[in-house]
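A structural walkthrough
Okay, here's what each chain looks like letter by letter:
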Amino acid sequence: EVRGIKMYDDYGHHPTEIVATLNALREGLMLDRRGGRLYVVFQPHRYTRTRDLLDDFAKAFMVSDYLIVLDIYPAGEKPIEGINSGLLVNKIREKGLKGAIYYKEREKAIEGLVKNAVNGDVILTLGAGDVWKMGDLILKELKKRWEKKD
C-alpha cells in the first residue's frame, strides 16, 4: 500500500475465478461505498484458453472500473492467428467496459496507473503468467510519485 492505494495480486486466469476475485475485492473493500476505483492489470493465459473462452472473458471484468490487458502469456503454446489481447479488449468494450485498454509495453501501463491512481483506489494484477512481477514495480513507481510531491 502506498498513500492509501492498495495493491493486490491473484493467480486467477479463468473467467469464473476472475468474477469471484473482482466481486470479493469490490465488496470486501467496500469500494463503492468508499468511492475507490478498481484497476485491473490482466495477463491472459494461453492462446487456446483466450480463444475458447473469449465471450466469458469479455463479461468477466464488468465490475472493474479500468482494465489493462497485457499480451497473452503463451505457456508454451504457439500463437493462434487472430487471437490476441487487442481482440479481447475489443470484446470487453463491446460488452460495456469502456475503460479497457491494451498495452504492449508494461512500462506504459505502469506509467498510466501511477499517474491516475489516488487514495482509496485498488490495483490488482491478475493472471497465471508473470504479471505478478509488475506489483513491486507499480508500488516502487507510486512511492517515487509521492516523493516528488512531498
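That block above? That's the structure.
I will try to describe carefully the structure that is included in this document.

Reading the values: the criteria
Position numbers for residues count from 1 along each chain, tracking the sequence in the order it is written. The model is predicted, so local features are restricted to residues of pLDDT at least 70 and side-chain atom pairs to those at 80 or more, both for listing and for counting; the totals for chains, interfaces and linings are taken over all residues. To get the side-chain values, all heavy atoms of the structure are used, and hydrogens and water are removed first. Elements are defined by DSSP. Helices are runs of H or I of four residues or more, strands are runs of E of two residues or more, and each kind is numbered from the N terminus. We compute the radius of gyration over the C-alpha atoms and compare it with the globule rule, which gives 2.2 Å times the number of residues raised to the power 0.38. Accessible area is worked out with a 1.4 Å probe on protein chains only. A residue is then buried under 20% of its type maximum, exposed over 50%, and partly exposed in between. Each accessible area is a Shrake-Rupley result for a 1.4 Å probe, and residues are judged covered by the shown protein chains and nothing else. Throughout, the arc means that of the directions going from the helix axis to the C-beta atoms. Two strands form a pair only when DSSP identifies at least two bridges running between them. Here the axes come from fitting lines to C-alpha atoms, over the contacting stretch only for helices, and the angles between their N-to-C directions go from 0 to 180 degrees. Two residues form a contact once any of their heavy atoms are found within 4.5 Å. The term salt bridge refers to a side-chain nitrogen of Lys or Arg lying within 4 Å of a carboxyl oxygen of Asp or Glu. Handedness rule for crossovers: strands pointing away from the viewer, path from the first strand over the helix to the second running clockwise, crossover right-handed.

1. Looking at the overall build of the chain
On a plain count of helices and strands, the chain comes out with seven helices and five strands. The C-alpha atoms of the chain give 15 Å as radius of gyration, which agrees with the globular expectation for 150 residues (15 Å, within 12%). Taking the principal axes of its C-alpha atoms as reference, the chain extends roughly 50 × 30 × 25 Å. Here the chain holds 150 residues, and the buried ones make up 45% of them. Of the roughly 8,000 Å² of accessible surface on the chain, a fraction of 49% belongs to carbon and sulfur atoms.

2. Overview of helix α6 (residues 106-116)
Because an α-helix completes one turn every 3.6 residues, residues spaced three or four positions apart along the sequence face the same direction. Residues of α6 that are buried: A109, I110, L113 and V114. Down the axis of α6, the sector holding all buried residues measures 130°, keeping them to one side. When the buried face of α6 is taken as reference, the exposed residues oriented beyond 90 degrees from it are E107, E111 and K115.

3. Details of the sheet that holds strand β3 (residues 66-69)
Taken in spatial order, the five strands make up an open sheet running β1-β5-β2-β3-β4, and their pairing is parallel. Taken across any chain shown, the strands that pair with only one partner, and hence form the sheet edges, are β1 (6-10) and β4 (100-102). Neighbour-to-neighbour, the strand axes of this sheet turn through a mean angle of 15°, independent of strand direction. With four bridges joining them, strand β2 (residues 38-42) and β3 adopt parallel strand pairing. Paired with V41 across the two strands is I68, which belongs to β3. Across the sheet, helix α5 (residues 85-95) touches β2, β3 and β4, and the angle it forms with β4 is around 170°. Against the sheet, α6 touches β2, β3 and β5 (122-126), its axis set at about 175° to β2.

4. A closer look at the pattern of salt bridges
Throughout the structure, instances matching the rule amount to nine salt bridges. The partner of D32 in a salt bridge is R26, and the shortest N-O contact between them spans 3.0 Å. The class for D32 is exposed, based on a relative accessible area of 59%. A residue is classified by how much of its surface remains accessible, and R26, at 12% relative accessible area, is buried. With a closest N to O distance of 3.2 Å, E141 and K144 form a salt bridge. With a gap of three residues between them, E141 and K144 both fall in helix α7 (residues 134-149), about one helical turn apart. Here K144 falls in the partly exposed class, since its relative accessible area comes to 36%. A network of salt bridges, in which partner residues are shared, links R26, D32 and D65.

5. Topic: unusual backbone geometry
Even without being a glycine, M30 presents a positive backbone phi close to 50°. Locating M30 in the fold gives a position in the loop between α1 (15-28) and α2 (31-34). For R46, which is not glycine, the phi torsion reads 80° and is therefore positive. Structurally, R46 can be placed in the loop between β2 and α3 (47-52).

6. A few points about the pairing of β3
Pairing of β3 with β4, which is carried by three bridges, proceeds in the parallel orientation. When the bridges of β4 are listed, I68 appears paired with I101. Following the chain from β3 across α5 to the adjacent parallel β4, one finds a crossover that is right-handed.

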